[in-house]
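Observations on the model geometry
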Amino acid sequence: MDVLQDIFVSLSSLSHLELMLGLLITATVIIVLEDWRLSLWALLAQYVLVSLLLARVMPLRVALIKVIVGGMVCVILYLTARRVHWGREAIIKGAYHELAPVATVLDIFPMNLWFRLLLALLAAVVSYALGTRHPFVDHPHGISQACYWLVGIGLLTVILSRHPFKVGLGLLTFQAGFEVLFATLEKSLSVAALLGVVNILMALAITYLTTAQLTVIVKEGRR
Amino acid sequence: MSLILLIFVPLTVAVPVYFLRRHWSAAVFVSLATTLILIGVCSQAPLGEPAYILGRELVLDELSGFLLIFLLSLASLMILYAWQIPQGWAFIPSLLAILGLLSGAIMIRTFLIAVLLLEMAALVFVFMIHGRRPAPVGTAIGYVVPLVMAIPCLLLVSWLTESYALHPDNLLLIRFTVIALSAGFGILLAAAPFHSWLPTVAEGAPFAASASLICIFNPVVLALLLGVLNSHLWLTTGSPVLLVISTSGLLTALVAGVLAFAQRDPGRLMAYAAISDMGFVLVGLGTGSLTSTTGALAHIVNRSLLVLLLAMSLGTLRTYHKDGSVSTLREALRRTPGSIVGYIVGGLALGGFPLFNGFATRWLVYRSLPGDNLLYSGALLLAGAGVVLGYVRSLSLMLQPSPELKAEREPLLVTVMTLSLAALCLLLGLAPGLVVDPILKIVQEMAFIAGG
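Considering the overall build of chain A
Looking only at helices and strands, one finds 10 helices and 0 strands in chain A. What you see in chain A, going N to C, is helices and strands ordered as α-α-α-α-α-α-α-α-α-α. Every one of the 223 residues in chain A was classed for burial, and the buried ones make up 52%. Partitioning the intrachain contacts of chain A with sequence separation of at least 6 by distance along the chain shows that 74% fall at a separation of at least 24. As presented, chain A carries roughly 10,500 Å² of accessible surface, and 68% of it is formed by carbon and sulfur atoms.

Overview of the layout of surface pockets
Any empty space left between atoms is shown by rolling a water-sized probe over those atoms. Roughly 1,100 Å³ of volume is contained in the largest pocket. In this structure, the largest pocket is lined by 38 residues; those nearest its centre are Phe136(A), Leu181(A), Leu156(B), Trp159(B) and Phe176(B). Within the residue set of the lining of the largest pocket, elements represented by two or more residues are α7 (113-133), α8 (143-160) and α9 (164-185) of chain A together with α7 (137-166) and α8 (171-188) of chain B. Per-element tally for the lining of the largest pocket: the top contributor is α7(B), with 9 residues. Class assignment of the residues belonging to the lining of the largest pocket gives a composition of 28 nonpolar, 8 polar and 2 charged.

Let's talk about the packing of α9(A) against α7(B)
Across the interface, α9(A) lies against α7(B) with an axial gap of 11 Å and an inter-helix angle of 5°. Here α9(A) is positioned roughly parallel relative to α7(B), judged by the angle of their axes. On α7(B), the residues touching Pro164(A), Val167(A), Leu171(A), Phe174(A), Gln175(A), Phe178(A), Leu181(A), Phe182(A) and Leu185(A) of α9(A) are Val137(B), Ile141(B), Val144(B), Val145(B), Val148(B), Met149(B), Pro152(B), Leu155(B), Leu156(B), Ser158(B) and Trp159(B). In terms of residue class, the contact of α9(A) with α7(B) is built from 18 nonpolar, 2 polar and no charged.

Focus: empty space enclosed by the protein
Residues and elements named next belong to chain B. Applying the stated rule across the entire model yields 7 cavities of 30 Å³ or more. For the largest cavity, the calculated volume is near 120 Å³. As for the largest cavity, its lining consists of 13 residues, of which Leu63, Leu67, Pro219, Leu297 and Ile300 are closest to the centre. Elements supplying a minimum of two residues to the lining of the largest cavity: α3 (62-84), α10 (207-231), α14 (290-320) and α20 (433-444). When the residues that make up the lining of the largest cavity are grouped by side-chain class, the tally is 13 nonpolar, no polar and no charged.

Looking at the environment of Pro411(B)
Here Pro411(B) is to be found in the loop between α18 (374-398) and α19 (412-430). Non-local contacts of Pro411(B), meaning those with residues more than four positions away in its chain, are made with Gln84(B), Ile85(B) and Tyr320(B).

Side note on the nonpolar core
Leu77(A), Tyr143(B), Phe185(B) and Leu222(B) are the most contacted members of the largest nonpolar core, which totals 243 residues. In terms of residue count, α10(B) provides more of this core than any other element does, 18 residues in total. The residue makeup of this core includes at least three contributed by each of domain 1 (1-134) and domain 2 (135-451) of chain B. Beyond its immediate stretch of four places on either side in the chain, Phe185(B) contacts Phe111(B), Leu154(B), Val221(B), Leu224(B), Leu225(B) and Val228(B). Residues Leu250(B), Ala253(B), Val283(B) and Tyr376(B) belong to the second largest nonpolar core, which totals 11 residues.

Digging into the packing of aromatic side chains
All names here are of chain B. Within the structure shown, the criterion is met by 13 aromatic pairs over all chains. Look at Phe280 and Tyr366: their rings are 5.9 Å apart centre to centre, the planes differ by 85°, and that puts the pair in the edge-to-face class. With Phe280 in helix α13 (residues 266-287) and Tyr366 in helix α17 (residues 357-368), the pair connects residues that are 86 residues apart, well separated along the chain. Taking the relative accessible area as the measure of exposure, Phe280 reaches 0% and is therefore buried. Look at Tyr366 and you get buried, because its relative accessible area is 15%.

Comments concerning the confidence of the model for chain A
All names here are of chain A. Predicted confidence across chain A gives a mean pLDDT of 83, with 84% of residues reaching 70 or more. Ranking the helices and strands of chain A by mean pLDDT puts helix α3 (residues 36-54) first, with 92, and helix α6 (residues 105-108) last, with 54. The low-confidence segment residues 95-101 (pLDDT under 50) makes 8 contacts with residues lying over four places distant or belonging to another chain.

Some thoughts on the pattern of salt bridges
All told, the structure shown has 5 salt bridges over all chains when counted by the stated rule. Lys66(A) serves as the salt-bridge partner of Glu179(A), at 3.2 Å between the closest nitrogen and oxygen. Residue Glu179(A) is located in helix α9, and its partner Lys66(A) is located in helix α4 (residues 60-83); the two are separated by 113 residues in the primary sequence. Comparing Glu179(A) with Lys66(A) shows no difference in burial state: the two are buried. With its nearest N and O atoms 3.0 Å apart, the salt bridge here joins Glu203(B) to Arg268(B). Taken as a pair, Glu203(B) in helix α9 (residues 197-204) and Arg268(B) in helix α13 lie far apart in primary sequence, 65 residues in all.

Looking at unusual backbone geometry
Among all residues save glycine, negative phi is the norm, and among peptide bonds the norm is trans. All names here are of chain B. That bond from Ala192 to Pro193 is cis: its omega, 5°, falls within 30 degrees of zero. Within the fold, Pro193 resides in the loop between α8 and α9. Positive phi, close to 55°, is recorded for Ala190, a residue that is not glycine. Along the chain, Ala190 turns up in the loop between α8 and α9. Classification of Ala190 by relative accessible area gives buried; the value is 1%. Located in the positive-phi region is Leu355, a residue other than glycine, with phi close to 85°. One can find Leu355 in the loop between α16 (337-350) and α17.

Comments concerning α14(B)
The first and last C-alpha atoms of α14(B) sit 45 Å apart over 31 residues, in line with the 45 Å expected at 1.5 Å per residue. Counting buried positions over the 31 residues of α14(B) gives 27, a clear majority of the element.

Some words on the interface of chain A and chain B
Taken together, the contacts link 31 residues of chain A with 25 residues of chain B. Here chain A and chain B share an interface that buries about 2,600 Å² over both sides, 86% of which is from carbon and sulfur atoms. Between chain A and chain B we count 0 salt bridges in total. Scanning the region where chain A abuts chain B turns up 2 residue pairs in polar contact (both at pLDDT 80 or more). Among the secondary structure elements, those contributing two or more residues to the side of chain A that touches chain B are α8, α9 and α10 (189-222) of chain A. No other element matches the 16 residues that α10(A) contributes to the side of chain A that touches chain B.

Here we look at the domain arrangement of chain B
Residue and element names in this part refer to chain B. Each assigned domain of chain B is listed with its residue range as follows: domain 1 (1-134) and domain 2 (135-451). For domain 1 versus domain 2, the separation of C-alpha centres amounts to 21 Å. Domain 1 puts 39 residues into the contact, and the matching count from domain 2 is 53 residues. Across the domain 1/domain 2 interface, buried area totals approximately 4,000 Å², and carbon plus sulfur atoms make up 85% of it. Contact with domain 2 buries surface across domain 1, with Tyr81, Phe111 and Ile129 losing the most and accounting together for 17% of the total. The interface formed by domain 1 and domain 2 holds 0 salt bridges in total. Counting the contacts that link domain 1 with domain 2 gives 3 residue pairs in polar contact (both at pLDDT 80 or more). Of all elements in the fold, only α3, α4 (91-107), α5 (111-124) and α6 (126-129) reach the threshold of two or more residues within the side of domain 1 that touches domain 2. For the side of domain 1 that touches domain 2, the element with the most residues is α3, which contributes 14 residues. Partitioning the side of domain 1 that touches domain 2 into residue classes produces 31 nonpolar, 4 polar and 4 charged.

What counts as what
Residues numbered from 1 in each chain as written. Chains lettered and ligands numbered in written order. Predicted model: local features only at pLDDT ≥ 70, side-chain atom pairs only at ≥ 80, totals over all residues. Heavy atoms only, no water. Helix = DSSP H or I, 4+ residues; strand = E, 2+ residues; numbered from the N terminus. Buried < 20%, exposed > 50% of the residue type's maximum accessible area, 1.4 Å probe, protein only. Contact = heavy atoms within 4.5 Å. Areas by Shrake-Rupley, 256 points an atom, 1.4 Å probe, with all protein chains shown as cover. 1 Å grid on protein atoms, 1.4 Å probe; cavity = no way out; pocket = protein on both sides within 12 Å on 5 of 7 lines; lining within 4 Å. Points joined across faces, edges and corners; volume = space filled by probe spheres on them. Nonpolar A, V, L, I, M, F, W, Y, C, P; charged D, E, K, R; others polar. Axes fitted to C-alpha atoms, helices over the stretch in contact; angles between N-to-C directions. Parallel < 35°, antiparallel > 145°, perpendicular 65-115°, else oblique. Core = buried A, V, L, I, M, F, W, Y, C linked by side-chain atoms within 4.5 Å. Domains from an automatic or database assignment. Phe/Tyr/Trp six-rings, centres within 6.5 Å; stacked < 30°, edge-to-face > 60°. pLDDT = per-residue confidence, 0-100. Salt bridge = Lys/Arg side-chain N within 4 Å of Asp/Glu carboxyl O. Expected span 1.5 Å × (residues − 1). Buried area = accessible area lost by both parts, 1.4 Å probe. Polar contact = N/O pair within 3.5 Å; in protein donor to acceptor, adjacent residues only side chain to side chain.

Structure, rendered in structure tokens:
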């Protein structure tokens, strides 16, 4: 815990502009890229950045809980993603001949890449404008912008995805955005802990649904 | 101490029950013993005496005591049913975990914590969605997404109500509270226009799982709504929240009643009938009088019994008749007498057909409407007619000739359970006071009724 705290303190020298830029990149990766590995790394980075942002408005130990929970969520999702071969349906169906020897560009970038990028850009502009003109709270550290941005990108990811894993990443991003706002309103340790349990349960539910879909795909493949 | 047991015992027992899943009878026995013991604990627990957990106050008042005993009884019936007609290996452990979390949500005084416990219970429900056959992916996603959207609204309600206490002259806070409250509770109660997730779940998930969502989860959400209205009287006196509730109830009853008539899938039909009934409950609650609120709460009790009866009947019919079709009524009655009777009684009663319990409490809601409000009365009658006609139509569709029939007869225990529930529905229809009188005493104590 102390080591984590030291790392956290050293990272807290980042300015809130840098943190916002980091959140912009991580959430864009989640919405734009199809590759589960990259999305998972982006989610982990997003949890760290959100905690660093929150460390400015709430006690450090409570902010650290969010990093620990984020780490647990990502480990759960990593193990699931490995089990379902990172969502590559050809492997799951046993159709190895359909699979390229290495991940192709299309495995990483979706067909509607430009559309998603445009949506992300639009969401960024709207979040900035809303966060500046109608801030939820009076904190100056870009809390409102971060909240609008994460909630917006979370919703868009849910809308644009058809796989439970990606929908789950969208829901976790939405939840993270809401927690940014709520952490400034309610700073108690018990609420932070309960929100952490909610996040872990959500990750477990995503895991369960992703694995269940694997069963369906395998059955269809056998037919 | 006993209040803390009500939360942690089912949560703890869920773990060994999960590991006992290969010894199904043992798992059922342990679960059933747990729920029965908890009913005993709950009935013996002193009312109004607080207990503390992590500095937060837990209280079992008359409403929460009544609700907990009722929910635990329903859960016992579901466990007994799942013993005979398996609903997937995760059903019973998940049900126990949900009971523990919902007990906490009902008893804890802090609304914020109650909402978080409610969200946890709702997330555990995901593990029930896949029964013995995996449900379509859209079923689970269609459930999780609205749930995750609804909870932040309720968390905001807790903050907004606290802020209003500090700034009572800020009218914007009232407006935002009403919006957040309507959206959050509207989604969780599947009120129109947020109703579409419930039919999706009921179509894909096992019937007992859908029933647990409607019979166990919905009453707790409604209890939380009542808790908010009771604790913040300014909401009922200084905001249009009751008008929003009753208008949304009317819309819900009407939309779902009309859509119920068009359904061919029995799961979707059950869901639309339940949503239409929730509309009646909301109209009763939104009217805000002693009679209407009593009628609304009594109707929630009857609705839970009826949905459980329907879900049990449908689950058995789906297991014992391929695609839910039977060749003739006589053949069906010979093989699955309890389920056919349960399906007919449940369907008619849920639509408010006279003599059954669904009619008795609907009548209370009708009577409590202002005398000149023909729009409300007409719309509610139309909604009930839609549900009844939907069930008549669905029964005629079910009685199509089918070449594939299982030779077995439904288990005797299931026949006894469904027939007993059907008889109870008839009894409560003939003697509605058995449910209405205890609820009337509880409602009389409610601050927003007394204040109104």
